[in-house]
Amino acid sequence: MLWLRVRQPVSQVAKSGLLQRGTVRKYASTQPQQNQQKTDDDSGDFRPPWVYTTVSVLKYTTIPLTMIYCVFLADWGEREHVFMPVSRMPAIRYGSP
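Predicted model, so just to flag it, every value in this text is computed and none were measured.

*Asks:* I'd like a description of the overall build of the chain, backed by residues and values.
*Replies:* Within the chain, the regular secondary structure consists of 3 helices and 0 strands. The 97 residues of the chain split such that 6% are buried. Summed over all atoms, the accessible surface of the chain reaches about 10,200 Å², with 58% contributed by carbon and sulfur.

Given below as structure tokens:
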């Protein structure tokens, strides 16, 4: 069990309210921190706009094409597997080439 300096379990300290909200956290450094602001006019993103369009198109085409390949074209071996009935449907409907 986790104990604090007041020799009470953490759950009891939380219930009693010894840990008060709004207290200032003390850091190890005594020097004041300086706010670092960006001086150059950089929006933070270095990619050109066509990257977003390409990623969007690939996202909506790659996943369905991969699923179609796995169901109809991938070789899963001779044993019966979950895609067998679905992969046999075109052969039954249209005949084997």
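Still more ground to cover, so stick around.
*Asks:* Describe the pattern of salt bridges, listing the residues and the values that go with them.
*Replies:* All chains considered together, the criterion is met by 2 salt bridges. Salt-bridge contacts for Asp45 lead to Arg47; the nearest nitrogen and oxygen are separated by 3.2 Å. The class for Asp45 is partly exposed, based on a relative accessible area of 31%. The residue Arg88 makes a salt bridge to Glu80 at a minimum N-O spacing of 3.0 Å.

*Asks:* Tell me about the packing of aromatic side chains, and please be specific about residues and values.
*Replies:* In the structure shown here, the tally under the stated rule is 1 aromatic pair. With a centroid separation of 5.9 Å and an interplanar angle of 50°, the aromatic rings of Trp76 and Phe83 are classed as tilted. Among the residues examined, Trp76 registers a relative accessible area of 46% and is labelled partly exposed.

*Asks:* Give me the lowdown on the confidence of the model for the chain, citing residues and values where you can.
*Replies:* Confidence along the chain averages 75 in pLDDT terms, with 56% of residues attaining 70 or more. Element-level pLDDT for the chain is lowest in helix α1 (residues 10–16), with a mean of 61, against a maximum mean of 92 in helix α2 (residues 49–73).

*Asks:* Outline α2, supporting the account with residue identities and numerical values.
*Replies:* The terminal C-alpha atoms of α2 lie 35 Å apart, and with 25 residues this matches the ideal 36 Å at 1.5 Å per residue to within 8%. The largest bend in α2 amounts to roughly 25° and is located at Leu58.

*Asks:* Pulling in residues and values, what's your account of a nonpolar patch on the surface?
*Replies:* Residues Leu65, Ile68, Tyr69, Phe72, Leu73, Val86 and Met89 make up a contiguous nonpolar surface patch of about 720 Å² in total accessible area. Those elements giving two or more residues to the nonpolar patch turn out to be α2 and α3 (84–94). No other element matches α2, which puts 5 residues into the nonpolar patch. By the secondary structure assignment, Leu65 is in helix α2. On the accessibility criterion, Leu65 (57% relative accessible area) is exposed.

The rules behind each value
- Sequence positions are assigned chain by chain, starting from 1 and proceeding in written order.
- Two thresholds apply to this predicted model, a pLDDT of at least 70 for residue-level local features and 80 or more for giving and counting side-chain atom pairs, whereas whole-chain, interface and lining totals are computed over all residues.
- With hydrogens and water set aside, each side-chain value is computed from the structure's full complement of heavy atoms.
- Numbered from the N terminus, helices here are DSSP runs of H or I no shorter than four residues, and strands are runs of E no shorter than two.
- Categorising residues by exposure relies on relative accessible area from a 1.4 Å probe, with only protein chains included: less than 20% of the type maximum marks a residue as buried, more than 50% marks it as exposed, and the intermediate range marks it as partly exposed.
- The Shrake-Rupley method, run with a 1.4 Å probe sphere, supplies the accessible areas, and residue values consider only the shown protein chains as cover.
- By salt bridge we mean one thing: a side-chain nitrogen of Lys or Arg within 4 Å of a carboxyl oxygen of Asp or Glu.
- What counts as a ring pair is set by centres within 6.5 Å for rings of Phe, Tyr and Trp (its six-membered ring), and what kind of pair is set by the plane angle: stacked under 30 degrees, edge-to-face over 60, tilted for all other angles.
- Confidence of the predictor at the level of single residues is given by pLDDT, which spans 0 to 100.
- Given the number of residues in a helix, its expected span is that number minus one, multiplied by 1.5 Å.
- Two axes are fitted around each residue, one to the seven residues ending there and one to the seven starting there, and the angle between them is reported as the bend at that residue.
- Within this analysis, patches are made of residues with over 30% relative accessible area and no salt bridge. Like charges are joined at 9 Å or less; nonpolar side chains (Val, Leu, Ile, Met, Phe, Trp, Tyr) at 5 Å or less.

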